[in-house]
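# Notes for the structure review
Okay, here's what each chain looks like letter by letter:
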Amino acid sequence: MIEWVKVEPNQVVVATEERAWLHQLANANGDDPFAGPMQEAGNLATIRQLLDGVIAVAQSSMLRTATRPSLTAARWAWRLAGYYHTTHATPRLMAEAAGCFAALGRQELAEYSKSKVEDEGGHDQLALRDLGALGYDAEKLVAELIPPTAAALVDHFTELVRAENPAGCIGYAYALERLATTHDKNYLRQVETVLPPNTKATRCLRVHSSMSADAQHVEDALKVTAHQSAEDRRLIALAAYETTRICCSPPVGGHITETELQNRLSAFVSKPQAALKMAA
């Protein structure tokens, strides 16, 4: 068994049941067997390697040039605002996807999308509670602050759902949940280290980590993807690739500076001591 997807004009991610690798096309119109789209059926082992392969390639291409700012309490609040916007969009857009799949007579994908509505419902409220714990007026903050990466992810998700074939939305969900499973207890401790003492502001992180149900959600996505058509699997893999690139790319114009970030967040402080804690 072998599966592949062209992620760039001359780059193809190829996967077997054991591994995935990046293949360079010498000539996209030549005799290279990977120049054209795959046609054969897939299976669980190969699609696992393919999706994880495209995520790894996307991460590698972005992280070579991206420098992420050091984590601070203010930076964590900014990320929580991003969590809010992506988690807030998921139930709405997955419900829309379920309707699209049902209209196309694709009941399995409709049921999968409905399950995501249930799985992700209420996660935006966890982000709000975390922001509140940091001393912010959370509702006001997320109404006015939309981190560029979160905005780009929601736009991408919307485009996938509203495409002629919305199968790519499964790749979006897979990529975000697969990336979430890399957030382990060590990462949790890193976050807790920069927060003010006795502040509980990691609720949203905990349900989007290796300590949550996301690992099972990853398996669910793989199972539903494995026996879709070759074209659907191509769209799902491409969506996972593009979603990962968005996650790993620096925002247009670069990352917001710590000083600018603190100035912007100060407008949403609801507790007098929060500003002092944020700088601690």
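Quick summary incoming for the structure in this document. No experiment lies behind these values; they were computed from the predicted model shown.

## Things to note about the overall build of the chain
Helix and strand counts for the chain stand at 13 helices and 3 strands. In terms of overall size, the chain behaves like a compact globule, its C-alpha atoms giving a radius of gyration of 20 Å where 280 residues would be expected to give roughly 19 Å. Across its three principal directions, the C-alpha atoms of the chain cover 65 × 40 × 30 Å. Residues classed as buried in the chain amount to 49% of the 280 residues present. When contacts within the chain are restricted to residue pairs at least 6 apart in sequence, those whose partners lie at least 24 apart make up 75%. Of the roughly 13,100 Å² of accessible surface on the chain, a fraction of 52% belongs to carbon and sulfur atoms. Looking at charge distribution, the chain has the averaged site of its 27 positive side-chain charges lying 8 Å from that of its 33 negative ones.

## Remarks on the sheet that holds strand S1 (residues 3-8)
One open sheet accounts for 3 strands, arranged S1-S2-S3; its pairing is antiparallel. A strand with exactly one partner marks an edge of an open sheet, and here the two such strands are S1 and strand S3 (20-24). Averaged over neighbouring strand pairs, the angle between their axes works out to 25° when direction is ignored.

## Details of unusual backbone geometry
One non-glycine residue, Asn 198, lies in the positive phi region at around 60°. Note that Asn 198 resides in the loop between helix H8 (185-194) and helix H9 (203-206).

## Brief notes about the pattern of salt bridges
The final tally for this structure, using the stated rule, is 14 salt bridges. With a closest N to O distance of 2.3 Å, Arg 106 and Asp 232 form a salt bridge. Residue Arg 106 is located in the loop between helix H2 (73-103) and helix H3 (107-120), and its partner Asp 232 is located in helix H11 (residues 230-248); the two are separated by 126 residues in the primary sequence. Among the residues examined, Arg 106 registers a relative accessible area of 22% and is labelled partly exposed. We note a salt bridge from Glu 192 to Arg 206, for which the minimum N-O separation is 3.0 Å. Placement of Glu 192 in helix H8 and of Arg 206 in helix H9 is noted, with a sequence separation of 14 residues between them. Since its relative accessible area comes to 35%, Glu 192 is described here as partly exposed. Classification of Arg 206 by relative accessible area gives partly exposed; the value is 38%. What emerges from the salt-bridge pattern is a single network uniting Lys 116, Asp 119, Glu 120 and Glu 177.

## A word on H3
Compared with the 20 Å implied by 1.5 Å per residue over 14 residues, the 20 Å span of H3 between its first and last C-alpha is a close match. For H3, the full list of buried residues reads Leu 109, Ala 110, Tyr 112, Ser 113, Lys 116 and Glu 120. The arc that holds the buried residues of H3, viewed along the axis, is 160°, so those residues lie on one side. Against the buried residues of H3 lie H2, helix H4 (123-133), helix H7 (168-180) and helix H10 (214-226).

## Regarding the side chain of Glu 3
Among the secondary structure elements, Glu 3 is positioned in strand S1. Polar contacts involving the side chain of Glu 3 include one to the side chain of Thr 46, which spans 2.4 Å.

## So, the packing of H7 against H10
Two numbers describe how H7 lies on H10: the axes approach to 9 Å, and their chain directions differ by 150°. Between H7 and H10, the angle falls in the class roughly antiparallel. Regarding H7 and H10, the two cross each other, and that crossing is left-handed. Of the residues in H10, those in contact with Ile 170, Tyr 174, Glu 177, Arg 178 and Ala 180 of H7 are Asp 214, His 217, Val 218, Ala 221, Leu 222, Val 224 and Thr 225.

Criteria and cut-off values
- Residues numbered from 1 in each chain as written.
- Predicted model: local features only at pLDDT ≥ 70, side-chain atom pairs only at ≥ 80, totals over all residues.
- Heavy atoms only, no water.
- Helix = DSSP H or I, 4+ residues; strand = E, 2+ residues; numbered from the N terminus.
- Rg over C-alpha atoms; globule rule 2.2 N^0.38 Å.
- Buried < 20%, exposed > 50% of the residue type's maximum accessible area, 1.4 Å probe, protein only.
- Contact = heavy atoms within 4.5 Å.
- Areas by Shrake-Rupley, 256 points an atom, 1.4 Å probe, with all protein chains shown as cover.
- Lys, Arg positive; Asp, Glu negative; His and termini not counted.
- Charge placed at Lys NZ, Arg CZ, Asp CG, Glu CD.
- Pairing = 2+ DSSP bridges.
- Axes fitted to C-alpha atoms, helices over the stretch in contact; angles between N-to-C directions.
- Salt bridge = Lys/Arg side-chain N within 4 Å of Asp/Glu carboxyl O.
- Expected span 1.5 Å × (residues − 1).
- Arc of directions from axis to C-beta.
- Polar contact = N/O pair within 3.5 Å; in protein donor to acceptor, adjacent residues only side chain to side chain.
- Parallel < 35°, antiparallel > 145°, perpendicular 65-115°, else oblique.
- Left-handed = near helix turned anticlockwise from the far one by under 90°.

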